[in-house]
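Examining the three-dimensional arrangement
So you can see what is in the structure, the chains are spelled out below.
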Amino acid sequence: ESLPMQQLCDRIRRIADSGVSVLISGESGTGKELVAKALHTQGSRQGHPFVAVNCAAIPESLLESELFGHTRGAFTDAKAPRKGLFQQAHGGTLFLDEISAFPLSLQPKLLRALVERRLRPVGADQEIPFDVRVIAATNRDLETAVEKERFREDLFFRINVVQIDLPPLRSRGTDVLLLAQHYLSHFAGRSGKHVMRMSHAVAEKLLSYTWPGNVRELRNAIEHAVALTRY
């Protein structure tokens, strides 16, 4: 219900159908993937795949094959051809989380694919067209990475047609209580506990804390509290 979140929801509604590339920025734990899913489900691609990949979680040696696919025999363990995530997301949305960790050596290939809307699987001779909306996310300052030549400027402009900045939980006022109550009901119901509400003292503590881990930290705190309750 906070003003920053109302503005965020309005921005999502305005661009969901546009199909433009979106860069979602925000601190860790603010819900960047939830925003990406909202853009997908509220747009015209909602009936098609939503495919997410964490660029920081895949070794550089495997990321090219993971995204673009490969042909049989392209490398030692390539015993069969495999569609990459771009092809798997065809018609839908590909969410590139932690885009700041994308290897510099692969950025030219990603840029070409986004510009040409075609990709070449590892080991292939021909390019394949694809139809995918790309949404990227980062918790780091990509503009600084561009200045330090750790991220290509032309790729930055390609993925940053529209930028969405997620507000940290500490700037969302009493939203923290709404979220806490939501998680309280969720975890109490899942564990069979009968705790239904928070005391005034607990609410004051939730409001006064700065939540450096944002919504993810709040979720963990409420799950922890419900687990320890005797009722």
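For the structure given in this document, a descriptive report is provided here. This one's a predicted model, so the numbers in the text were calculated from it and none came from an experiment. (Residues numbered from 1 in each chain as written. Predicted model: local features only at pLDDT ≥ 70, side-chain atom pairs only at ≥ 80, totals over all residues. Heavy atoms only, no water.)

Among all positions of helix 5 (residues 107–116), only Q107, L110, L111, A113 and L114 are buried. One side of helix 5 holds all its buried residues, which, seen down the axis, span an arc of 160°. Lining the buried residues of helix 5 we find helix 3 (60–68), helix 4 (85–88), strand 3 (93–97), strand 4 (118–119), strand 6 (133–138) and helix 7 (153–159). One or two residues past the end of helix 5 sits R117, with phi positive at roughly 60°. (Buried < 20%, exposed > 50% of the residue type's maximum accessible area, 1.4 Å probe, protein only. Helix = DSSP H or I, 4+ residues; strand = E, 2+ residues; numbered from the N terminus. Arc of directions from axis to C-beta. Contact = heavy atoms within 4.5 Å.)

Right, let's talk about the pattern of salt bridges for a bit. Where charged atoms of side chains with opposite charge meet at close range, the side chains can pair. Taken as a whole and assessed by the stated rule, the structure comprises 12 salt bridges. The partner of K37 in a salt bridge is E33, and the shortest N-O contact between them spans 3.9 Å. With K37 and E33 both in helix 2 (residues 32–41), this residue pair falls 4 residues apart, about one helical turn. Judged by relative accessible area, E33 falls into the partly exposed class, the value being 32%. (Salt bridge = Lys/Arg side-chain N within 4 Å of Asp/Glu carboxyl O.)

This brings us to the packing of helix 1 (residues 3–15) against helix 2. Contact pair helix 1 / helix 2: the axes reach a minimum separation of 9 Å and the direction vectors enclose 40°. By the angle between their axes, helix 1 is oblique relative to helix 2. As for the relative orientation of helix 1 and helix 2, their crossing is right-handed in sense. Residues L8, I12 and I15 of helix 1 form the contact with helix 2, whose participating residues are V35, A38 and L39. Residue composition of the contact of helix 1 with helix 2, by class: 6 nonpolar, no polar and no charged. (Axes fitted to C-alpha atoms, helices over the stretch in contact; angles between N-to-C directions. Parallel < 35°, antiparallel > 145°, perpendicular 65-115°, else oblique. Left-handed = near helix turned anticlockwise from the far one by under 90°. Nonpolar A, V, L, I, M, F, W, Y, C, P; charged D, E, K, R; others polar.)

We now examine helix 2. Of the positions making up helix 2, those classed as buried are K32, V35, A36, A38, L39 and H40. Buried residues along helix 2 sit against helix 1, strand 1 (22–25), strand 2 (50–54), strand 3, strand 6 and strand 7 (162–165).

With that out of the way, let us pick up unusual backbone geometry. Peptide bonds are trans in most cases, and residues, glycine excluded, mostly fall at negative phi. Non-glycine residue R117 carries a positive phi angle of around 60°. Note on placement: R117 falls in the loop between helix 5 and strand 4. Positive phi, normally seen in glycine, also occurs at E149, with a value near 60°. Looking at the secondary structure, you find E149 in the loop between helix 6 (142–147) and helix 7.

With that settled, the discussion passes to the sheet that holds strand 3. Pairing within the open sheet is parallel, and its 5 strands lie in the order 2-3-6-1-7. Each edge of the open sheet carries a strand with a single partner, namely strand 2 and strand 7. Neighbour to neighbour, the strand axes of the sheet diverge by 20° on average, direction disregarded. Relative to strand 3, strand 2 runs parallel, the two being bridged by 5 bridges. Within the sheet, the bridge partner assigned to V51 lies in strand 3 and is L94. (Pairing = 2+ DSSP bridges.)

Here we take up the packing of helix 8 (residues 175–191) against helix 10 (residues 214–228). It is at 9 Å that the axes of helix 8 and helix 10 come closest, and there the two elements cross at 40°. For the element pair helix 8 / helix 10, the angle class is oblique. The handedness of the crossing between helix 8 and helix 10 comes out as right-handed. Contact residues: helix 8 offers V176, L179, A180, Y183, L184, F187, A188, R190 and S191, while helix 10 offers V215, L218, R219, I222, E223 and V226. Along the lines of polarity and charge, the residues of the contact of helix 8 with helix 10 split into 11 nonpolar, 1 polar and 3 charged.

So, about the side chain of R133. Residue position: R133 is located in strand 6. No salt bridge is formed by the buried R133. Its closest oppositely charged neighbour is D17, at 7.0 Å. Setting aside its immediate chain neighbours within four residues, R133 contacts I15, A16, S18, G19, V20, V22, L39, R45, G92, T93, L94 and R117. (Lys, Arg positive; Asp, Glu negative; His and termini not counted.)

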